[in-house]
Amino acid sequence: MHILLVASAFNSLTQRVLAELQDRGHTVGVALALGNDDALREAVRDHSPQLIVAPMLTTAIPEDVWTGHTCLIVHPGPPGDRGPSSLDWTLQDGAQSWGVTVLEAVAEMDAGDVWAWSPLKVPPLAGKSDFYRGEVADAALDAVLLAVERFASGKYKPRKQKAAALSAGWRPFMKQAQRRIDWAADPTEVVLRQLRAADSQPGVLDELLGVQWYLHGGHPEGELRGRPGELVATRAGAICRATVDGAVWIAQLRPWREPGSRLPSFKLPAVQALGDLLPAEVPEVPAPLQLQLPAARRTWSDIRYSEHGTVGMLNFSFAGGAMSTVHCRRLLEAYRFAQTRPTSVLVLGGLRDFFSNGIHLNVIEAADDPAEESWANIHAMNDLVEAVLTTTDRLTVSALGGNAAAGGVMLALAADEVWCRDGAVLNPHYKLMGLHGSEYWTYILPRRVGESEAQRLTQSALPVSAKRAVELGMAQRVLQAAPEELGDEVVRMAAQLAASPVLVERIAQKKAVRAQDESVKPLQKYRDEELTHMRRNFFDAREPHAGLRSAFVRKEKAPRTPPHLARLGLTD
Ligand code: COA
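Quick caveat: nothing in here was measured; it's all calculated off a predicted structure.

(A) Looking closely at the packing of aromatic side chains. One pass over the full model with this rule turns up eight aromatic pairs. Here Trp115 and Tyr156 contribute two aromatic rings whose centre-to-centre distance is 5.8 Å and whose plane-to-plane angle is 40 degrees, an arrangement assigned as tilted. Of this pair, Trp115 sits in strand β6 (residues 114–121) while Tyr156 sits in the loop between α5 (128–153) and α6 (163–169); the two residues are 41 residues apart in sequence, bridging distant segments of the chain. Here a set of aromatic residues connected by ring pairs shows up, and it is made of Trp115, Phe151 and Tyr156. Here the basic side chain of Arg241 rests over the ring of Trp183, its NZ or CZ set 4.1 Å away from the ring centre. Above the plane of the ring of Phe539 lies Arg535, whose end atom (NZ or CZ) is 4.4 Å from the centre.

(B) The sheet that holds strand β17 (residues 345–352), seen in detail. Across the sheet, six strands lie side by side as β15-β16-β17-β18-β20-β23; this open sheet has mixed pairing. Edge positions in the sheet fall to β15 (303–308) and β23 (477–479), since each of these pairs with one other strand and no more. Averaged over all pairs of adjacent strands, the angle between their axes in this sheet comes to 20 degrees, without regard to strand direction. As paired strands, strand β20 (residues 417–421) and β23 are joined by three bridges and run parallel to one another. The residue bridging Cys420 from the neighbouring strand is Val478, located in β23. Sheet strands touched by helix α17 (residues 486–498): β15, β16 (311–316), β17, β18 (395–401), β20 and β23. Its angle to β17, the strand with the most contacts, is close to 165 degrees.

(C) Up close: the site of the ligand. What surrounds the ligand is a group of 26 residues, the closest being Ser200, Lys267, Ile359, Leu361 and Lys555. Interatomic distance of 2.9 Å between a backbone N/O atom of Ser12 and an oxygen atom of the ligand. Here an oxygen atom of the ligand and a side-chain polar atom of Ser200 are 2.7 Å apart. For the shell around the ligand, the secondary-structure elements that each account for two or more residues are α1 (12–23) and α11 (361–366). Considering only residue class, the shell around the ligand consists of ten nonpolar, twelve polar and four charged.

(D) Region of interest: the domain arrangement of the chain. The domains assigned to the chain are domain 1 (2–174), domain 2 (178–277) and domain 3 (303–540). Between domain 1 and domain 2, the C-alpha centre-to-centre distance is 32 Å. Roughly 1000 Å² of surface becomes buried between domain 1 and domain 2 when both sides are summed, with 45% attributable to carbon and sulfur atoms. In terms of surface lost to domain 2, no three residues of domain 1 exceed Gln92, Lys128 and Met174, which account for 43% of the buried area on that side. Here domain 1 is connected to domain 2 by one salt bridge. Asp88 is paired through a salt bridge with Arg179; the nearest N and O atoms lie 2.7 Å apart. Linking domain 1 to domain 2 there are eleven residue pairs in polar contact (both at pLDDT 80 or more).

(E) How the structure looks around α17. With 13 residues, α17 extends 18 Å from end C-alpha to end C-alpha; this agrees with the ideal 18 Å at 1.5 Å per step. Considered for burial, the residues of α17 that qualify are Leu486, Glu489, Val490, Val491, Met493, Ala494, Leu497 and Ala498.

(F) Spatial organisation of the sheet that holds strand β12 (residues 247–250). Taken in spatial order, the four strands of this open sheet run β9-β12-β11-β10, and their pairing is antiparallel. Edge positions in the sheet fall to β9 (219–221) and β10 (231–235), since each has one partner strand and no second. For this sheet, the mean inter-axis angle between neighbouring strands, taken without regard to orientation, is 30 degrees. With three bridges joining them, β9 and β12 adopt antiparallel strand pairing. Counted as the bridge partner of His219 is Trp249 from β12.

(G) Seen up close, the environment of Leu435. In this fold, Leu435 is placed in the loop between β21 (425–427) and α14 (441–449). You can call Leu435 buried: its relative accessible area is 11%. Spatially, the C-alpha atoms of Leu435 and Pro259 are 32 Å apart, while their sequence positions differ by 176 residues. When sequence neighbours within four positions are dropped, the list of residues in contact with Leu435 reads Tyr430, Met534, Asn537, Phe538 and His545.

(H) Representation of α14. Across the nine residues of α14, seven count as buried, placing the element largely inside the fold. At the exit of α14 stands Gly450, carrying a positive phi of roughly 90 degrees.

(I) How the structure looks around the packing of helix α10 (residues 325–339) against helix α12 (residues 370–389). Where α10 contacts α12, the axes come no closer than 8 Å and their chain directions differ by 20 degrees. One element, α10, and the other, α12, form an angle in the roughly parallel class. The crossing of α10 and α12 is left-handed. On the side of α10, the interface is formed by Thr325, Cys328, Arg329, Leu331, Leu332, Tyr335, Arg336 and Gln339, while α12 contributes Glu373, Ala376, Asn377, Ala380, Met381, Asp383, Leu384, Ala387 and Val388. When its residues are assigned to classes, the contact of α10 with α12 shows ten nonpolar, three polar and four charged.

(J) Here's a closer look at the pairing of β12. Side chains Ala247 and Trp249 of β12 all project onto a buried face; the interleaved residues Val248 and Ile250 project onto the opposite face, where all are buried too. As judged from the four bridges shared by strand β11 (residues 238–242) and β12, these two strands associate in the antiparallel manner. Paired with Cys240 across the two strands is Trp249, which belongs to β12. The hairpin turn running from β11 into β12, its antiparallel successor, is four residues long.

(K) Expanded view of unusual backbone geometry. The amide bond that connects Gln201 to the next residue, Pro202, takes the cis arrangement and shows omega of -5 degrees. We note that Asp110 has phi near 55 degrees; this positive angle belongs to a residue other than glycine. In this structure, Asp110 sits in the loop between β5 (97–104) and β6. For Ser200, which is not a glycine, the phi torsion comes out positive at approximately 70 degrees. By the element assignment, Ser200 lies in the loop between α8 (188–197) and β7 (204–208).

Thresholds, definitions, all that
Residues numbered from 1 in each chain as written. Predicted model: local features only at pLDDT ≥ 70, side-chain atom pairs only at ≥ 80, totals over all residues. Heavy atoms only, no water. Phe/Tyr/Trp six-rings, centres within 6.5 Å; stacked < 30°, edge-to-face > 60°. Helix = DSSP H or I, 4+ residues; strand = E, 2+ residues; numbered from the N terminus. Lys NZ or Arg CZ within 6 Å of the ring centre and 35° of its normal. Pairing = 2+ DSSP bridges. Axes fitted to C-alpha atoms, helices over the stretch in contact; angles between N-to-C directions. Contact = heavy atoms within 4.5 Å. Near = heavy atom within 4 Å. Polar contact = N/O pair within 3.5 Å; in protein donor to acceptor, adjacent residues only side chain to side chain. Nonpolar A, V, L, I, M, F, W, Y, C, P; charged D, E, K, R; others polar. Domains from an automatic or database assignment. Buried area = accessible area lost by both parts, 1.4 Å probe. Salt bridge = Lys/Arg side-chain N within 4 Å of Asp/Glu carboxyl O. Expected span 1.5 Å × (residues − 1). Buried < 20%, exposed > 50% of the residue type's maximum accessible area, 1.4 Å probe, protein only. Parallel < 35°, antiparallel > 145°, perpendicular 65-115°, else oblique. Left-handed = near helix turned anticlockwise from the far one by under 90°.

Pasting the structure below:
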């Protein structure tokens, strides 16, 4: 079938729907709905699709489009739920189960006939965007694929929604007033719900040290205490604030700006955002790398190491998958520690949500000298990738609970095996950020997929599903696990690998291959060649990268569907 995806942004869910519909043999086009109805009409005319699917839409589809074509809208709520802030209300209410519905576009929002829906369990600790990319995306894909199948059958009659249920199900846009935290009264669980419901966008507007900020990210802290609202500690760039009955970790802050201000603000690691405002007496309280987290000990740490027999697990999770110079150096230090341990399989990642999206564009944008910071960041990332590539005394595995992009994909592919959770989406390219790319990609990618496929992947700049990644040779396994079950599944599979009778042979073989590859072309040469391009990308004022980076961190909307997407699914 020829399907046109209409979306407000080419976001994670839209990418996943595209990749998974393509995997099932459909031809798929993409048109971004950016407020220009005529441009959308033109795309619909060009594609003449059999079906329109809208995975993520914040504006209405013009009436002549939905009357002329069946348009299926993905709504992140069960049948009957309506409105633009569904996930926010759900998380704020502390609901335990939820759903995603695929319904037909009609004049009234979320009021059309139901083509399919899929239930889901709300994870106890994840923030909104992690939930969206995990359980919500899984349920959305189930419902979209079922709806597409039903539509293709030509026989299915979608189910009408009852008028009474529709008026009862409407919930309005959630305003900042409804997100407010009352530090003097709200217990930790309420504070966390507010933070989770606002995660990623828009954050919770609050005052801290006399300044208005949006707070982003929230994790419980079980031991540290202080006066409610007070800053009691910092850890790895995050801040810890006391509540009436405990404390919470907040990873990122975004300064409030007057509406319409010329340059919108963007998120930064909280300690960096506070800068000189941070009182000197607030202590840095690091978490031990081998942090054991029994149910009773609640705290937060972005890097953790644990052992399960002869399997070492190096878990890491950085907000937005972005890895600053400091993140890369800390992770490398942890990796070096893991290398000293008596294990035969070392797993990287293994947590839900993003694996890595490469260098930290926000931290770079905020730096006094962004080009120098980019340079430091790419070197730190390369050092980490090199450490993985040159590990020859044990097998390494990258376990991707969620998506990876750009240098984050290359970090994953530096390991001997790549395991992706079903539903993970890889973006193995740098082009959209105006970068040649580094992280030894010119070595890593061709050795897995061949020279011409490496060129195609990096130049087409399109997402790749987990299944397709395995077909291409980028990954070795698709893990069928819910986001919350991924960690246990990875440990189980890694233990099997560690017990494999051919393990010793495989380690010897990889060592020989690395030595052979090094003799043909040293890793340093790949790095030097890539960095020659990257130096120009970062430091030459005529290069597009700085402008693209600024637009990305400030979330500027593209004026039209980017050409590499607009061409998709059209025959020349
Ligand atoms: N640096 C800083 N922040 C990043 C980031 C990066 N490299 N990659 C992603 N993020 C942030 C996004 O700004 C977004 O922040 P938000 O929570 O404030 O909205 C969040 O992570 C999630 O990313 P988003 O773009 O909404 O997710 P997506 O799944 O729709 O798209 C990508 C994923 C990876 C395709 C897209 O984020 C991207 O292109 N990232 C840049 C990749 C890159 O070029 N890296 C540098 C070269 S190594």
